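Residues per chain are reported as follows:
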Amino acid sequence: MKSEVAHVLPIDANARSGRPTPRSRGKSVALVLIALLLFGVTFIDFRSVERLWWLGPSSAAREEAFRAGCAQPEPLLPSKNPDLDKAFEHITSSAFRNATIRRLSAAVQVKTESFDDLGAIGEDPRWDVFYNFHDFLKKTFPRIHEQLQVEKVNTHGLLYTWKGSDESLKPTLLMAHQDTVPVPPETISSWTYPPWSGAYDGKYIWGRGASDCKNQLIATLETLELLLEANFKPRRTILLSFGFDEECSGKQGASHLAAFIQERYGKDGIAVIVDEGSGFEQAWGTLFAKPGTAEKGYTDVHITVRAPGGHSSVPSDHTSIGILSELITKIESEQYPTRLVDANPYYTQLQCGAAYSPDFPEKLRELLGRRRSRGACRARPDRLALEAAKQGPAIKYLMQTSQAVDVISGGIKVNALPERATAVVNHRINVGETSQVVKDRLTALAGEVARAHNLTLHAFDGKESPSSIVLASSSHELQVAPVTPADGDAFAVLAGTTRALYGSDVVVTPGIMTGNTDTRYYWDLTRHIFRFGPGFDPEDGPGLGKIHTVDERVSVLNHVNAVRWFTLFVRNMDEADL
Ligand SMILES: *[C@@H]1O[C@H](CO)[C@@H](O)[C@H](O)[C@H]1NC(C)=O
Ligand SMILES: *[C@@H]1O[C@H](CO)[C@@H](O)[C@H](O)[C@H]1NC(C)=O
Ligand SMILES: [Zn+2]
């Protein structure tokens, strides 16, 4: 909205923002042109004129504007309960370090794989591993299990409630998942330490789940156990909620837990949620903490081409496989636009970079300044996004809907014409777009192919017929998550905690997740959802700890720092009025 107004009415927009009026701008452009001619410049590059024109506001004002776009809350330490500071110091002791190594290692040793083809709970014995995991937790965190309310939701979901004294305060909710992705048997021999060993080599704990995300689960439990031991009396209720099938959709775990929590606390009944997610990133000479405040959407589109069968000695010119191939070629011949809407957290990160990073690219700074003063223009290519995308595909896809043809099948016999060929295209939808954008585009492309081959098109209508192209979306469809405000009080507590723990050189910027977490079921509970792995090991540097692959591991310092972070965060939330 804002962007279109700025574009349609540039005169108004300029007058309001205190920039030169069109007439004075006209004058200064004329002066610049005369000056260029006087100095014997024989060609005028349009872009350089634009640059000179743009230099209007001083660079100090520009810095100011970038800083305004990347507010950095002051480091925040809890102050109300100094007795608890001893408990906080204990976390860095060698005794605690040794104890939490044992506990996290033991957690990794309990196999809790989840599989895409799991049957019903109670019928498929592969779910029963979670009983073992619960036994382990009960034995390992005795105070929590004696003093807090522990509820099992849909058999294996865990909800811990530490009731606060002030019922008017909405709870703090910390999440993690108990399950891990499976270890493919053929990869076991490639691991440095066996995947279920929980081996500790003096620096890392190794094994499946060590960093996705038994570390986060154990860190939140360590935090509550420590605070119980230190006699903490929360004002604000603290909840821990652990799903058990995050790695295969969360339908049994998170979906039931979220409904249960909403039943009890109501819509928007939670103050803040922290779940697993992104962590720290080094960019442009700055260390960023990047709590995920947005998630891209998700949709798989199944394409089926049906064509007459028959003997392959008398074929039609194009079989269903050929026609499907033609459609796939069309799909891949063009990509979705690279576009950065204001709500996209990467826009904030760019402003953070421009405000605080020594090595922020000049070209990006310039485009960003122009974007800030003019607003985004929908009609044109988004030059800021295109420039930023040059940093690589991992950055580009923060600002672009992705498409990937991942599965294909068709044909059963070499002398029979294939009556059916199918493909599945995976999409991660850009912030500012919806799955409808994807459906409209595929409908148009499939329509062209269908017409060329005299086939009927069934575009997302749930029907099928012989000689047709059928488009259908899977049940996994997910819209882009609501974006968590990055200027809210909850963000300030989270960012303040992070800067208190790691130093104020760390710039906290909202981040965008290209994958999804269990929070996809929690949207109605609060606007303040952060997908954040708060542990950081300066020696280890930012990294994903090899999640979902061979040699998954976590540095012990990273893990201990996560416990410190959660301990400060829970206390900060307890003292905050929000
Ligand atoms: C922790 O473990 C290390 C080596 O494993 C040992 O040297 C140290 O004494 C232990 N610390 C405590 C307090 O037990
Ligand atoms: C197209 O298909 C319809 C029925 O499926 C058929 O009646 C018609 O003759 C076909 N047209 C051509 C040009 O093949
Ligand atoms: Zn995970």
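Everything numeric here is computed off the predicted structure, so don't read it as measured data. Every chain's residues receive numbers from 1 upward, in the order its sequence appears when written. All chains are assigned letters beginning with A, and all ligands numbers beginning with 1, in the order in which they are written. Totals for whole chains, interfaces and linings use every residue, but because this is a predicted model, local features are given only for residues with pLDDT of at least 70 and side-chain atom pairs only at 80 or more, for both listing and counting. Heavy atoms from the whole structure form the basis of all side-chain values; hydrogens and water molecules are not counted.

Student: Just to check I follow, could you spell out the coordination of the zinc ion (ligand 3) for this structure?
Tutor: For a metal bound by four donors in tetrahedral geometry, the ideal donor-metal-donor angle is 109.5 degrees, whereas six donors in octahedral geometry ideally sit at 90 or 180 degrees. Donor atoms are limited to N, O and S found within 2.8 Å of the metal ion, a distance that becomes 3.2 Å for Na, K and Ca. With water left out, some sites might look partial. At 1.8 to 2.7 Å from the zinc ion (ligand 3) lie its protein donor atoms, namely H177 (NE2), D212 (OD), E276 (OE) and E276 (OE). Given 4 donor atoms and angles of 53 to 149° at the metal, the environment of the zinc ion (ligand 3) is assigned as irregular. Sequence spacing of the donor residues for the zinc ion (ligand 3), all on one chain, is H-x34-D-x63-E. With D212 in the loop between β4 (204-206) and α10 (214-229) and E276 in strand β6 (residues 272-278), this residue pair connects regions lying 64 residues apart in the sequence. By relative accessible area, which is 6% here, D212 ends up buried. Each label reflects the angles at the metal, where four donors whose angles all fall between 85 and 135 degrees are tetrahedral, four or six donors whose opposite pairs open beyond 155 degrees and whose other angles stay between 65 and 115 are square planar or octahedral respectively, and the rest are irregular. To qualify as a helix, a DSSP run of H or I must reach at least 4 residues; to qualify as a strand, a run of E must reach at least 2; elements of each kind are numbered from the N terminus. Burial classification: accessible surface area is computed with a 1.4 Å probe over protein chains only, and a residue below 20% of its type maximum counts as buried, one above 50% as exposed, and the rest as partly exposed.

Student: Teacher, can you tell me more about the sheet that holds strand β15 (residues 507-508) here?
Tutor: In sheet architecture, strand pairing relies on hydrogen bonds along the backbone and comes in two forms, parallel and antiparallel. DSSP calls a pair of strands paired once it identifies at least 2 bridges connecting them. Overall, mixed pairing links the 3 strands, which are arranged β7-β8-β15 in an open sheet. Each end of this open sheet is capped by a strand with a single partner; those strands are β7 (280-283) and β15. Contact between two residues is taken to exist if any of their heavy atoms lie within 4.5 Å; hydrogens are not considered. To get an axis, a line is fitted to the C-alpha atoms, and for a helix only the part in contact is used. The angle between two axes follows their N-to-C directions and goes from 0 to 180 degrees. Across the face of the sheet, helix α13 (residues 345-356) comes into contact with β7, β8 (286-289) and β15 while running at roughly 145° to β8.

Student: Hey, could you run me through the confidence of the model for the protein in this one?
Tutor: As a note on interpretation, predicted positions should not be read in detail where pLDDT is low. The share of residues in the protein with pLDDT of 70 or more is 88%, and the mean pLDDT across the chain is 90. Summary of the metric used: pLDDT quantifies the predictor's per-residue confidence within the range 0 to 100. Counted against residues more than four places away or in other chains, residues 1-24, with its pLDDT under 50, gives 15 contacts. Segment residues 40-55: pLDDT under 50, and 17 contacts once partners within four positions in sequence are set aside and those in other chains are kept.

Student: I keep staring at the nonpolar core and nothing clicks. Help me out?
Tutor: Side chains of a nonpolar character, in soluble globular proteins, are inclined to be buried together. Residues L137, L221, W565 and F569 are the most contacted members of the largest nonpolar core, which totals 65 residues. It is helix α19 (residues 556-575) that contributes the most residues to this core, 10 residues altogether. Nonpolar cores are built from buried Ala, Val, Leu, Ile, Met, Phe, Trp, Tyr and Cys residues. Side-chain atoms within 4.5 Å join them into one set.

Student: Whenever I open this one, the sheet that holds strand β12 (residues 420-429) confuses me. Can you help?
Tutor: In space, the 5 strands of this open sheet follow the order β11-β12-β10-β14-β13, with mixed pairing throughout. The open sheet is flanked by β11 (402-410) and β13 (456-459), the only strands paired with a single partner. Looking at each pair of strands side by side, their axes are set apart by 15° on average, direction ignored. Where strand β10 (residues 297-306) and strand β14 (residues 468-473) come together, 6 bridges link them in antiparallel fashion.

Student: Just to check I follow, could you spell out the pairing of strand β17 (residues 529-532) for this structure?
Tutor: Every second residue of β17 is oriented toward a common face, with I529 and R531 on one face and F530 and F532 on the other, all of them buried. As paired elements, β6 and β17 share 4 bridges and run parallel to each other. Opposite V274, over in β17, you have F530 as the bridge partner.

Student: Looking at this model, I keep getting lost on the pairing of β6. Mind explaining?
Tutor: With 5 of its 7 residues buried, β6 lies for the most part within the structure. As paired strands, strand β3 (residues 172-177) and β6 are joined by 3 bridges and run parallel to one another. Along β6, the bridge assignment pairs L173 with I273.

Student: I keep staring at the packing of helix α18 (residues 489-502) against α19 and nothing clicks. Help me out?
Tutor: Two packed helices can be described by the angle between their axes and the distance between those axes. Orientation of α18 relative to α19, taken along the N-to-C sense of each, is 135°, at an axis distance of 9 Å. Between α18 and α19, the crossing angle belongs to the class labelled oblique. Crossing angle aside, the handedness with which α18 passes α19 is right-handed. Across from V493, L494, T497, T498, L501 and Y502 in α18, the residues of α19 making contact are N561, R564, W565, L568, F569, N572 and M573. Looking at side-chain class alone, the contact of α18 with α19 contains 8 nonpolar, 4 polar and 1 charged residues. Just so you know how the angles are binned, under 35 degrees is roughly parallel, over 145 roughly antiparallel, 65 to 115 roughly perpendicular, and the rest oblique. Should the near helix be turned anticlockwise from the far one by less than a right angle, the crossing is termed left-handed; should it be turned clockwise, right-handed. Only Asp, Glu, Lys and Arg are considered charged, only Ala, Val, Leu, Ile, Met, Phe, Trp, Tyr, Cys and Pro nonpolar, and every remaining residue, Gly among them, polar.

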